[in-house]
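Structure at a glance
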Amino acid sequence: MSDNLFSALRAAFPADLDQVAIETADGPPLHYTWRDLERGTAMLANLLESLDLPAGSRVAVQTEKSVEALMLYLAVLRAGLVHLPLNSAYQSAEMAYFIGDAEPAVVVCAGRSFGWVSKLAFSAGTAHVFTLNDDRSGSLLQRAAVHSDQHAAADREAGDLAAILYTSGTTGRSKGAMLTHANLLSNARVLKECWGWRTPEQGGDVLIHALPIFHVHGLFVASHGALLNGSKMIWFSKFDPQAVIARMPEATVFMGVPTLYVRLLAEPALNREACRHMRLFISGSAPLLIETFDAFRERSGHTILERYGMSETVMLTSNPYDTTQGERRGGTVGRALAGVGVRAVGEARGLCATDEIGAIEVRGPNVFKGYWRMPEKTREEFTADGWFKTGDVGRIDAAGVVTIVGRSKDLIISGGYNVYPAEVESVLNELPGVLESAVIGVPHADFGEAVVAVLVARPGAAPQAGALIAALKAQIANFKVPKQLFIVTDLPRNAMGKVQKNLLREQHKGLFGG
Ligand code: MCA
Ligand code: AMP
C-alpha cells in the first residue's frame, strides 16, 4: 500500500465527484468540482511523468495563487516528485539562490517572469521551464491538455520527500526543510481530529481560503484540512477583508495570520450577524495580540483558536476546539498535538520546571527529515536525544499549555512572513555609501512587527534613505524591505563590540503605533 499523500487526500474526496470542491471568490466565479481536481491533477501528473525525470526531482513553483497552482502541487505529489513552493515576491537574487541550491528539474513561473526565471533556471541545469498565469493561460496547462485524465498515483513510501520549504537562515544561507509524505499526512490527520472538521455526512465544512499557497499555513494546514475532509473551499487569490466578510454566511472555517484578523476588525461589517454561520476561526504563524483576540471575541462572538507551528515541523500545538477540554486562552498556543512532544529546556540543558521559561524543543512524526544538502546544519538543530530546537522561547504550564514568550533566533515576523535581519543587513551593507547596518523588528499595528533599518554611512558618503529603499526593492522581496531607514553616526555596541539591537528596538518602538 503506497504512502503517497495524494492518495490519502484523493480517498477523502466525496463519493459524488460532481459537487463543487473549490469556488473562486474574486472575479467571475469559477466552480471546480472534485472531478475537475481529479482530472486536472491527472493530466498535470501525466505531463510531469512524460518528462522522464529522475526519482526525487524537485518542481520549483513561483506563480500567483490560483486553483491551477494548487492542482500543480497535488499533481507533483501524485507523480511522486518533490514540490518546492516559492514566495511570488522573491526577486532574481533570491530566486537564483533557491534554484541553484535545490537544482529543480522543472520550474514553473508566471508568464511575465519567464525571461529572467528561465535564464536562471537553464543556467542552473533545469531541463524544463513552464509558465502558469492566474487566468489559466501559460505553457503548463497547454502542455497538460494533451495528456490523459487518468493517472495512478506513484508509489511512495512514508519517508519519501513530498516538499521542500525554504526558511531563511539566521546566519548565511537559506535552508530547505525537507518534509515527507508522512510528516504532512500525519499532521493533517491529527488536525482533522483536533479541529473537529465535519465530514459532508455531518453537515460539512466550508473553508474560506485567503492565504498564499507558498507557505505551510495556506498550502498544508488550510488546503490539506479541506481536502482531507472533502470540504468545499471559497478561494481568494488575495486577502480582501470586505469580500471575506461577505462570504462568511456561506462558510464555516477561516484561517489567518494575525494581520488578517487586524484587518477584519477594521471593517465595520464584521459583527455577530456576519459570523453567525461560522464554526471556527484559527490564527497562527505569528503571535496574536491579546487585544486582537479580545476585540475579535467582542465583535464576532467567536473565540479565535490560536495554534503554533513551523516550516520544519508543520503544526505543533493548538488551543482546544472542544472547549469542554479547556478554554481557548489568548496569548497561549495551547497543548501539544496528539503524538507531538514539546518541552522547554533551560540554559544548562535541564528540563524546565512548570512555568519556567526555556528553549522550546519538539519531536514527533511531523518533524522534518533535515535540511536539504546541509547535514551539518541538520545535526546542529537536533539534540543528541533527537529533539528539534525550534529557536522559540516559551514556558509550559501544569496543564501542558504552551506560551511563546520570544525567540532566540534573530527573526522578524511581519504580517506572517519571516524576515531574517542578517539577510537584509548583508544586502544593505553592499549598497554604495553604507558602512554597516542593524535591522530590527518594531511593533506595528497592522503587520505585528515591521522591519526597520539603522545604518552608518561610509566616511564622506551621504546615502539617501529613499535611494537605499529603492535599491533594496530591486534585490529582495518587498515584505523584507525596511518600512523606515535611519542614518546614524554610530550603532550602539556592548563591551564585546556586539550591536545592542535591544536598545535600537526600545528607541524605535513607537514608530508605527504597535
Ligand atoms: C505586504 N507588504 C508587507 C507584507 N505584505 N510588508 C510587510 N510585511 C508583510 N507581510 C507590503 C508590500 O511590500 C507592499 O509594499 C504593500 O504591503 C502592499 O503589498 P500587497 O502584496 O498588496 O499586500 P497585501 O495584499 O496587503 O498583503 C498583506 C498580507 C500578506 C495579506 C498580510 O502579507 C499575507 O498574505 N500574509 C500572510 C503570510 C502567510 O501566509 N504566512 C504563513 C507562513 P510596497 O508597496 O511598499 O512594496 S507559514 C508559517 O509561518 C508557519 C509554519 C505557521 O505557523 O503557519
Ligand atoms: P516559519 O519559519 O515560517 O515556519 O515560521 C515559524 C515561526 O513562526 C515559529 O518558529 C514561531 O516563531 C512563529 N510562530 C508560528 N505560529 C506562532 C504563534 N501562534 N505564536 C507565536 N509565534 C508563532
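Presented here is a report on the structure given in the accompanying data block.

Each value, and the rule that gives it
- Residues numbered from 1 in each chain as written.
- Chains lettered and ligands numbered in written order.
- Predicted model: local features only at pLDDT ≥ 70, side-chain atom pairs only at ≥ 80, totals over all residues.
- Heavy atoms only, no water.
- Core = buried A, V, L, I, M, F, W, Y, C linked by side-chain atoms within 4.5 Å.
- Buried < 20%, exposed > 50% of the residue type's maximum accessible area, 1.4 Å probe, protein only.
- Helix = DSSP H or I, 4+ residues; strand = E, 2+ residues; numbered from the N terminus.
- Contact = heavy atoms within 4.5 Å.
- Near = heavy atom within 4 Å.
- Polar contact = N/O pair within 3.5 Å; in protein donor to acceptor, adjacent residues only side chain to side chain.
- Nonpolar A, V, L, I, M, F, W, Y, C, P; charged D, E, K, R; others polar.
- Expected span 1.5 Å × (residues − 1).
- Phe/Tyr/Trp six-rings, centres within 6.5 Å; stacked < 30°, edge-to-face > 60°.
- Lys NZ or Arg CZ within 6 Å of the ring centre and 35° of its normal.
- Axes fitted to C-alpha atoms, helices over the stretch in contact; angles between N-to-C directions.
- Parallel < 35°, antiparallel > 145°, perpendicular 65-115°, else oblique.
- Left-handed = near helix turned anticlockwise from the far one by under 90°.
- Areas by Shrake-Rupley, 256 points an atom, 1.4 Å probe, with all protein chains shown as cover.
- Salt bridge = Lys/Arg side-chain N within 4 Å of Asp/Glu carboxyl O.

**Details of the nonpolar core**
In this structure, Phe220, Met248, Phe254, Met255 and Leu264 are the most contacted members of the largest nonpolar core, which totals 114 residues. Ranked by the residues each element gives to this core, the list is headed by helix H3 (residues 67–78), at ten residues. Once residues lying within four places of it in the same chain are set aside, the contact partners of Leu264 are Phe239, Pro241, Val244, Ile245, Met248, Phe254, Leu270, Phe296 and Arg299. Counting residues in each nonpolar core, the second largest holds 39 residues, with Leu86, Leu161, Val427 and Leu455 among its members.

**Digging into the site of ligand 2**
Every one of the 15 residues lining ligand 2 counts as a neighbour, but Arg307, Ser311, Asp392, Lys409 and Asn418 are closest to it. Note that a nitrogen atom of ligand 2 is positioned 2.9 Å from one of the side-chain N or O atoms of Glu306. Between Asp392 and ligand 2, the recorded distance is 2.6 Å, taken from a side-chain N or O atom to an oxygen atom. Among the residues forming the shell around ligand 2, the class breakdown is six nonpolar, four polar and five charged.

**Notes on helix H7 (residues 181–194)**
Over its 14 residues, H7 runs 20 Å from end to end, which matches the ideal 20 Å to within 8%, given 1.5 Å per residue. Regarding H7, the residues found buried are His181, Asn183, Leu184, Leu185, Asn187, Ala188 and Leu191. Along its buried surface, H7 packs onto helix H1 (5–11), H3, strand E7 (161–167), strand E8 (175–180), helix H8 (216–227) and strand E14 (314–318). Phi turns positive one or two residues past the end of H7, at Gly196, with a value near 60°.

**So, the packing of aromatic side chains**
Scanning all chains against the criterion turns up 17 aromatic pairs. Their ring planes at 40° and their centres at 5.0 Å tell us that Tyr90 and Phe98 sit as a pair that is tilted. Geometrically, the ring pair formed by Phe368 and Phe382 is stacked, given 5.7 Å between the ring centres and 25° between the ring planes. You can see Phe368 sitting in the loop between strand E17 (358–363) and strand E18 (370–371) and its partner Phe382 sitting in the loop between helix H12 (375–381) and strand E19 (388–396), a full 14 residues away along the chain. Pairwise contacts between aromatic rings join Tyr90, Tyr97, Phe98 and Tyr166 into one cluster. Across from the ring centre of Trp235, 4.6 Å away, lies the NZ or CZ of Lys65, which sits over that ring.

**Details of the packing of helix H4 (residues 92–102) against helix H5 (residues 114–123)**
For the pair H4 and H5, the least separation of the axes is 9 Å and the interaxial angle reads 30°. Considering the angle they form, H4 stands roughly parallel to H5. As H4 packs across H5, the resulting crossing turns out to be right-handed. Here Ser92, Met95, Ala96 and Ile99 of H4 lie close against H5, whose contacting residues are Trp116, Val117, Leu120 and Ala121. By residue class, the composition of the contact of H4 with H5 is seven nonpolar, one polar and no charged.

**Points about the site of ligand 1**
Near ligand 1, the surroundings consist of 25 residues, among which Lys238, Arg263, Ser285, Arg307 and Ser414 are the closest. Contacts to ligand 1 include Ser414, whose side-chain N or O atom sits 2.6 Å from a nitrogen atom. For ligand 1, the accessible surface in isolation is 1000 Å², of which the surrounding protein chains cover 77%. Grouping the constituent residues of the shell around ligand 1 by class yields ten nonpolar, ten polar and five charged.

**So, the packing of helix H2 (residues 34–50) against H3**
The geometry of H2 relative to H3 is characterised by a closest axis approach of 8 Å and an angle of 60° between their N-to-C directions. By the angle between their directions, the pair H2 and H3 is classed as oblique. For the pair H2 and H3, the sense of crossing is right-handed. Facing H2, whose interface residues are Asp36, Leu37, Glu38, Gly40, Thr41, Ala42, Leu44, Ala45 and Leu48, H3 presents Val67, Met71, Leu72, Leu74, Ala75, Val76 and Arg78. Looking at the contact of H2 with H3, its residues break down into eleven nonpolar, two polar and three charged.

**Describing the pattern of salt bridges**
It is possible for side chains bearing opposite charge to pair when their charged atoms get close. Scanning the entire structure with this criterion turns up 27 salt bridges. In this structure, Asp446 engages Arg263 in a salt bridge whose closest nitrogen and oxygen atoms are separated by 2.7 Å. Taken together, the residues span a long stretch of sequence, with Asp446 in the loop between strand E23 (434–444) and strand E24 (448–457) and Arg263 in helix H10 (residues 258–265) at a distance of 183 residues. Glu436 is the salt-bridge partner of Arg493, the closest N and O atoms lying 2.3 Å from each other. On the criterion of sequence distance, the pair formed by Arg493 in the loop between strand E25 (484–488) and helix H15 (501–508) and Glu436 in strand E23 is long-range, its members being 57 residues apart. According to the relative accessible area criterion, Arg493 is partly exposed, its value standing at 38%. For Glu436, a relative accessible area of 22% puts it in the partly exposed group. What emerges from the salt-bridge pattern is a single network uniting Glu23, Lys232, Arg247 and Glu250.

It is worth stressing that arrangement in space is one thing and function is another; only the former is reported here.
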